[in-house]
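Residue-level listing of the chains:
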Amino acid sequence: VVQLLMASDYDRLGALKAFDDTKAGVKGLVDAGVTTIPSIFHHPLPIEHTDHDHHFTIPVIDLAAATGGTTTTPSKRTELVAAVKAAAETVGFFQVVNHGVPKAVMSEILAAVRGFHEEPAEAKAPYYSRDLGRPVRYWSNFDLFQSPAAQWRDTLYMETTPELPPPEEIPPACRLIALEYARLMQQLGRTLLELLSEALGLRSSHLEEDAACLERLAGHYYPSCPEPHLTLGTTRHSDPCFLTVLLQDAVGGLQVLSSAVWVDVPAMEGALVVNVGDFLQIVSNDRFKSVEHRVVAQSTGPRVSVVCFFRRQDAPTSTRVLRPIVADGEARFRSTTMAELIRHNRAKGLDGSSALQHLRL
């Protein structure tokens, strides 16, 4: 299989199928001892360099006034909403502390995700599937057969709506902690959507009615890469949801596009990274920014992260309309359904282009 992958210059589809059929993911290549990466992972254009000297700061927001970590007063709530509003309007990314998720739980879910991905290939194979109907599935690259180049990453997905999966469907390594973490994320997501609603001058429950709840939890695993300059862990993209909450380990590698340069999102102990999604940029009429981001491949690792996406469970088929809220001026986007935007996103894959450009007026 490794030999076929290395010969993929003349048979890309065959190499993709051979890789997928192993059900071992990128981790399987590393375990096989590859010292050069197969050409299916080679990105066709030069990978833009990171500007490590760029003066850029990801805002850090203390949520204690919204999560019960301190005595809440109207003035503290107002200050908190203003901080969230400023971050969503300017950067589109911010880190949160005092968010209500214990550090022990954060450490345990990262360890559980790593534990699953580092199990023998035969133990993971029963979970490997591209069937979107399966509530729990493991695969490498959701857009493996659509994207111009594969990404150096494996993922365990867990759908969390309309209800959490039965425990027996979740891999034993993650079973108990994944369910606990998902419940805590649902609470945090509700808090964040309330703050963002208020930041738009809406009633606190407005966005939650559209976003509904935590829709999916993804446990990403980025193995060490022998040729990180040729590929990416995750290609440049924005997220097709209302809101994303990320837990990353200390390895780092997440970058955000700011003023046309890539800058690092530092791993901050005890913090969670929050970013605005495409749905929210549309609804806010371009006030909140769904900023493009990526994960670089690295010779060190593995890197482990847990990502939570907030949108309606029926979003891929929903006829619910995403319509810009126009406070003054004119609409910046045409109205669209959640289903249309997700179909567009899936069709184009993580190809480095904006998912919203075709909707701009």
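Just so it is clear, the structure is predicted and the values come from calculations on it, not from any experiment. (Residues numbered from 1 in each chain as written. Predicted model: local features only at pLDDT ≥ 70, side-chain atom pairs only at ≥ 80, totals over all residues. Heavy atoms only, no water.)

**Focus: the UniProt feature "domain: Fe2OG dioxygenase" (unreviewed entry) in the protein**
Then, number 1: UniProt marks residues 213-314 with the feature "domain: Fe2OG dioxygenase" (unreviewed entry), using the numbering shown here.
Then, number 2: Secondary structure over residues 213-314 splits into 6% helix and 46% strand, and the C-alpha atoms at its two ends are 11 Å apart. (UniProt positions renumbered as here; feature names shortened; annotations may be inferred. Helix = DSSP H or I, 4+ residues; strand = E, 2+ residues; numbered from the N terminus.)

**Focus: the nonpolar core**
Then, number 1: One finds F93, Y181, M185, L192, F242 and L272 to be the most contacted residues of the largest nonpolar core, which totals 88 residues.
Then, number 2: Take this core: its biggest share by element is 13 residues, from helix α8 (residues 175-199).
Then, number 3: Once you skip the residues sitting within four places of it in the chain, L192 turns out to touch L63, F94, V96, L243, V245 and V274.
Then, number 4: Core analysis: the next-biggest nonpolar cluster, separate from the first, contains 14 residues, L16, F19, A150 and C225 among them. (Core = buried A, V, L, I, M, F, W, Y, C linked by side-chain atoms within 4.5 Å. Buried < 20%, exposed > 50% of the residue type's maximum accessible area, 1.4 Å probe, protein only. Contact = heavy atoms within 4.5 Å.)

**Here's the deal with the pattern of salt bridges**
Then, number 1: Counting across every chain of the model gives 15 salt bridges.
Then, number 2: Here E89 and R287 are joined by a salt bridge, their closest N and O atoms 3.7 Å apart. Of this pair, E89 sits in helix α5 (residues 74-90) while R287 sits in the loop between α10 (278-283) and β11 (293-296), and the two are 198 residues apart along the sequence.
Then, number 3: For R287, a relative accessible area of 29% corresponds to the partly exposed category.
Then, number 4: Here the salt bridges do not stand alone but share partners, grouping R137, E159, E215, R216 and R311 into one network. (Salt bridge = Lys/Arg side-chain N within 4 Å of Asp/Glu carboxyl O.)

**So, the packing of helix α6 (residues 103-117) against α8**
Then, number 1: Contact geometry of α6 with α8 gives a least axis separation of 10 Å together with a crossing angle of 130°. What the angle tells us is that α6 and α8 run oblique. For the pair α6 and α8, the sense of crossing is left-handed. Along the contact surface, α6 presents V105, E108, I109 and A112, while α8 presents I177, A178, E180, Y181 and L184.
Then, number 2: Class assignment of the residues belonging to the contact of α6 with α8 gives a composition of seven nonpolar, no polar and two charged. (Axes fitted to C-alpha atoms, helices over the stretch in contact; angles between N-to-C directions. Parallel < 35°, antiparallel > 145°, perpendicular 65-115°, else oblique. Left-handed = near helix turned anticlockwise from the far one by under 90°. Nonpolar A, V, L, I, M, F, W, Y, C, P; charged D, E, K, R; others polar.)

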